[in-house]
Amino acid sequence: MIYFVATPIGNLKDITLRALETLKSCDAIFCEDTRHTLGLLNAYEIKKPLYSCHKFNERGAAEKILAFSREGKTVCVVSDAGMPAVSDPGREVCSLLQSCGEPYTVLPGANAFLCALVLAAYPAEGAAFIGFLPERPRDRKARLEELKDYTGTLAFHCAPQDLDDYIAAMYEVWGNRKACAVREITKLHEERAHFTLAEGLLGEKRGEYVLLVEGAEKKENPLCALSVREHVLYYMEQGAEKKEALKRAAKDRGVPKSALYKEMLDL
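The structure contained in this document is the topic of the report that follows. Think of each chain on its own: its residues are numbered from 1, step by step along the sequence as written. In keeping with the predicted nature of the model, local features appear solely for residues at pLDDT of at least 70, side-chain atom pairs appear and are counted solely at 80 or more, and the whole-chain, interface and lining totals rest on all residues. To obtain the side-chain values, all non-hydrogen atoms of the structure were used and water was disregarded.

Some thoughts on helix α1 (residues 17–25)
Piece 1. Relative accessibility decides the category of a residue: with a 1.4 Å probe and only protein chains considered, values under 20% of the type maximum give buried, values over 50% give exposed, and everything between is partly exposed. Elements are defined by DSSP. Helices are runs of H or I of four residues or more, strands are runs of E of two residues or more, and each kind is numbered from the N terminus. Those residues of α1 lying buried are A19, L20, T22 and L23. Take α1 and look down its axis: the buried residues cluster within an arc of 165 degrees, on one side only. Opposite the buried face of α1, at more than 90 degrees from it, the exposed residues are L17, E21 and S25.
Piece 2. The criterion used for residue contact is that any of the two residues' heavy atoms lie within 4.5 Å. Contact partners of the buried residues in α1: β1 (2–5), β2 (28–31), α2 (34–43), β4 (75–78) and β5 (104–107). It is the directions from the helix axis to the C-beta atoms whose arc is reported.

Structure follows, in C-alpha cells:
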C-alpha cells in the first residue's frame, strides 16, 4: 500500500498516532526534502530509507514508488509540511498511481488553510483554496481576473518575499478589500494581521503566509425584484420550458427549485 501522509505544519506534536505507526512500519519514505523530513523522523526515533520526491524529479519518483508498491513494499509519501499534493509535490504521483490502478490512501492531519480560516474568523462557506499564484506578473494578473467576481473567501499560500507583490496585484485587479495574513501557524510566534488591500501589510515579512481575502460583493440580479411568477414567466417568454425556467429562477434567487414550484402549478 502507498500512504500519502500529512505532516506537521510547524509544531512537531501535530502528527497523528496513525501517521507515526505507518511511518514506523513502512519500507520506504519519499519526501520533498530528505533533510527536513529527517528532523521529523529523528524526533520520533524513526529510521527508514529516504528518497526525494520534489517538483524537479516527481515523475521519476512516481515510477519508483509504483515499482516499490508492486514489489509488495509499503511506501509513505510526505512533503515538508501539511498534505502532499496540495501546493506541494505529490499530485503527479497520485495521477500515475490512479492511471495504473495501484491502490493508495491518505492519512489526514494538519492543514494550514483550515487553521488560517479559523484564526482569521473568515467565512468558511464557499471558501476557495487557490494556493500559490503564478510567478509571472502577467499570468498572476490573469488569474486574479478569473477570481474577481468570486463571492467566497479566497485563500492563498504566499512566500514572504512575494507578499507585497500579491497584495499590490490584488488591489490593482479587485480594488480595496479586507484581508488577513496568517503566519507561523502552530508555532511559538503564530500571528494574524488584519488589513485592507489599499493599505497593505505593514512590517517585516517573515515566514510562510496564508493570505485570506474577502470575496466580491454579491451582485443583485435585477430579475429577483420581480415576483416569482414574473421571474419564471420571463424565462419562459425567452423560449425556456417551464422546468428549465424554474431552474434558472431558483438559481438566480439562491433557493431550491421546489420552493418556487407551488407558485407555478397553474402554468
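Don't stop here, the text continues.
Remarks on the side chain of E58
Piece 1. Relative to the elements of secondary structure, E58 occurs in helix α3 (residues 58–70).
Piece 2. Although E58 is buried, it forms no salt bridge, and the closest oppositely charged side chain is R91 at an N-O distance of 7.0 Å.
Piece 3. Definition of a polar contact: a pair of N or O atoms within 3.5 Å, with one able to donate and the other able to accept a hydrogen when the atoms are protein atoms, and with sequence-neighbouring residues admitted only if both atoms are side-chain atoms. At a separation of 3.3 Å, a polar atom in the side chain of E58 contacts the main-chain amide nitrogen of R91.
Piece 4. If sequence neighbours within four positions are ignored, E58 has contacts with C53, P89, G90, R91, E92 and V93. Only four residue types enter the tally: Lys and Arg on the positive side, Asp and Glu on the negative side; His and the chain ends are excluded. Salt bridge criterion: a side-chain nitrogen from Lys or Arg within 4 Å of a carboxyl oxygen from Asp or Glu.

Digging into the nonpolar core
Piece 1. Side-chain atoms within 4.5 Å link the members of a nonpolar core, which is a set of buried Ala, Val, Leu, Ile, Met, Phe, Trp, Tyr and Cys residues. F156, M170, W174, L211 and V213 are the most contacted members of the largest nonpolar core, which totals 23 residues.
Piece 2. Those elements that place two or more of their residues in this core are β6 (128–131), β7 (154–158), α7 (163–174), β8 (178–183) and β10 (209–213).
Piece 3. No other element matches α7, which puts 7 residues into this core.
Piece 4. Once you skip the residues sitting within four places of it in the chain, F156 turns out to touch I130, G131, L133, L147, Y166, M170, W174, Y209, V210, L211 and V213.
Piece 5. Listed in part, the 16 residues of the second largest apolar core include I2, A28, I65 and L66.

Quick word on the packing of aromatic side chains
For any pair of aromatic rings, the description rests on two quantities: the centre-to-centre distance and the angle between the ring planes.
Piece 1. We call Phe, Tyr and Trp rings a pair once their centres come within 6.5 Å, taking the six-membered ring for Trp, and we label the pair stacked below 30 degrees between planes, edge-to-face above 60, and tilted otherwise. In total, this model carries 7 aromatic pairs according to the counting rule given.
Piece 2. Ring centres of F4 and Y104 lie 5.4 Å apart, and the angle between their planes is 65 degrees; this geometry places the pair in the edge-to-face category. Taken as a pair, F4 in strand β1 and Y104 in strand β5 lie far apart in primary sequence, 100 residues in all.
Piece 3. On the accessibility criterion, F4 (2% relative accessible area) is buried.

Here's the deal with α7
Because an α-helix packs 3.6 residues into every turn, residues spaced three or four apart end up facing the same way.
Piece 1. Helix span, as expected, comes to 1.5 Å for every residue beyond the first. Between its first and last C-alpha atoms α7 spans 16 Å; for 12 residues at 1.5 Å apiece the expected length is 16 Å, and the two agree.
Piece 2. Inspection of α7 places L163, Y166, I167, A169, M170, V173 and W174 among the buried residues, and these make up the whole buried set. One side of α7 holds all its buried residues, which, seen down the axis, span an arc of 165 degrees.
Piece 3. Looking at the buried residues of α7, the elements they touch are α6 (137–146), β7, β9 (191–196) and β10.
Piece 4. Once α7 ends, the next one or two residues include G175, with phi positive near 80 degrees.

None of this, on its own, says anything about what the molecule does.
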